[in-house]
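Now for the letters of each chain:
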Amino acid sequence: MATQEPVENLMSWLRDAHAMEQQAEKMLSSMSARLEHYPVLKARIDQHIDETRGQQARLESCIRRLNGSPSTIKDMGGKLMAFAQGVSGMVMSDEVVKGAMSGYVFEHMEIASYTILIAAAEAARDRETQQVCEQNLREEQAMAEWLLQHLPEVTQAFLARSANPNTQAKR
Ligand code: MG
Ligand code: FE
């Protein structure tokens, strides 16, 4: 049977993570662009868009250091599209609530990805990649925690706007 060195799996998972972060940027950008009446949520999403771009750049530097070229960074081929569509199915009348919920779910996929990458980097004795993934992980955990803490507030604001004939609630 064909075998693979830890570093080969590490490289492959780094590429997956890079594609995941590109997807994250798309989702977050489309959410932010649509939000009108939820400035606190929008501001936190905008902050995380900046963090996400930094994460992409750090992952790219790990991929290059392991002799992968940027041209070999491949898309995950729609594996994450279901998540993305959960967020961008914008016909929903409660899209702010569904968006915050999907965002929370997506952050946890990122948390799982970086937890796996940290273990793989350790196995491959790639200390720099490990540190990069630990930093990215901390940002995902902070975003997930923020979303969890603000879900009640977003929901309450949505409900209040929904019950008022003069305010638009959905975004
Ligand atoms: Mg991320
Ligand atoms: Fe994230």
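Conventions we followed
Residues numbered from 1 in each chain as written. Chains lettered and ligands numbered in written order. Predicted model: local features only at pLDDT ≥ 70, side-chain atom pairs only at ≥ 80, totals over all residues. Heavy atoms only, no water. Donors = N, O, S within 2.8 Å, 3.2 Å for Na, K, Ca; no water. Helix = DSSP H or I, 4+ residues; strand = E, 2+ residues; numbered from the N terminus. Salt bridge = Lys/Arg side-chain N within 4 Å of Asp/Glu carboxyl O. Buried < 20%, exposed > 50% of the residue type's maximum accessible area, 1.4 Å probe, protein only. Contact = heavy atoms within 4.5 Å. Axes fitted to C-alpha atoms, helices over the stretch in contact; angles between N-to-C directions. Parallel < 35°, antiparallel > 145°, perpendicular 65-115°, else oblique. Left-handed = near helix turned anticlockwise from the far one by under 90°. Tetrahedral: all angles 85-135°; square planar, octahedral: opposite > 155°, others 65-115°. pLDDT = per-residue confidence, 0-100.

S.K.: Describe in detail the coordination of the magnesium ion (ligand 1), supporting the description with residues and values.
M.R.: Protein coordination of the magnesium ion (ligand 1) is provided by Glu21 (OE), Glu21 (OE), Gln55 (OE1), Glu110 (OE) and Glu140 (OE), with donor distances spanning 2.0 to 2.3 Å. If you list the donors of the magnesium ion (ligand 1) from N- to C-terminus, the spacing comes out as E-x33-Q-x54-E-x29-E. A separation of 3.1 Å is found between the magnesium ion (ligand 1) and the iron ion (ligand 2), both of which receive a donor from Glu110. Taken as a pair, Glu21 in helix α1 (residues 6–34) and Glu140 in helix α5 (residues 127–163) lie far apart in primary sequence, 119 residues in all.

S.K.: Give me the lowdown on the pattern of salt bridges, citing residues and values where you can.
M.R.: Side-chain pairs of opposite charge can arise where the charged atoms are in close proximity. Evaluation of the coordinates by the stated rule reveals ten salt bridges. Among the salt bridges present, the one from Arg53 reaches Asp50, with a minimum N-O distance of 3.9 Å. Highlighted residues: Arg53 and Asp50, both in helix α2 (residues 39–65), separated by three residues, approximately one helical turn. Overall, the relative accessible area of 40% leaves Arg53 in the partly exposed class. By relative accessible area, which is 52% here, Asp50 ends up exposed. For Arg58, the salt bridge identified is with Glu139, shortest N-O distance 3.2 Å.

S.K.: Break down the side chain of Gln55 for me, with residues and values.
M.R.: Within the secondary structure layout, Gln55 lies in helix α2. Accessibility expressed as a relative area gives 0% for Gln55, which makes it buried. Apart from the residues lying within four places of it in its own chain, the contact partners of Gln55 are Glu21, His48, Glu110, Tyr114, Asn136, Glu139 and Glu140.

S.K.: Could you give an account of the packing of α1 against α2, naming the residues involved and the relevant values?
M.R.: When two helices pack together, their arrangement is given by the angle between the helix axes and the distance between those axes. At a minimum axis distance of 9 Å, the contact between α1 and α2 shows a crossing angle of 160 degrees. Here α1 lies roughly antiparallel to α2, going by the angle between them. Seen along the crossing, α1 lies across α2 with a hand that is left-handed.

S.K.: Run through the coordination of the iron ion (ligand 2), naming residues and quoting values.
M.R.: Taken together, the protein donors to the iron ion (ligand 2) comprise His48 (NE2), Glu107 (OE), Glu110 (OE) and Glu140 (OE), at separations of 2.0 to 2.3 Å. Classification of the site at the iron ion (ligand 2) rests on its four donor atoms, whose angles at the metal span 76 to 161 degrees, yielding the label irregular. Each donor residue of the iron ion (ligand 2) lies on the same chain, and together they follow the pattern H-x58-E-x2-E-x29-E.

S.K.: Run through unusual backbone geometry, naming residues and quoting values.
M.R.: Within the chain, Arg125 stands out as a residue other than glycine whose phi angle is a positive 55 degrees. Inspection of the secondary structure assignment puts Arg125 in the loop between α4 (95–123) and α5. In this structure Arg125 comes out as exposed when scored by relative accessible area, which is 77%.

S.K.: A description of the confidence of the model for the protein chain should follow, citing residues and the corresponding values.
M.R.: Here the protein chain averages 90 in pLDDT, while 87% of its residues score no lower than 70. Within the protein chain, helix α3 (residues 81–88) has the poorest average pLDDT of any element, 55, and α5 the best, 98.

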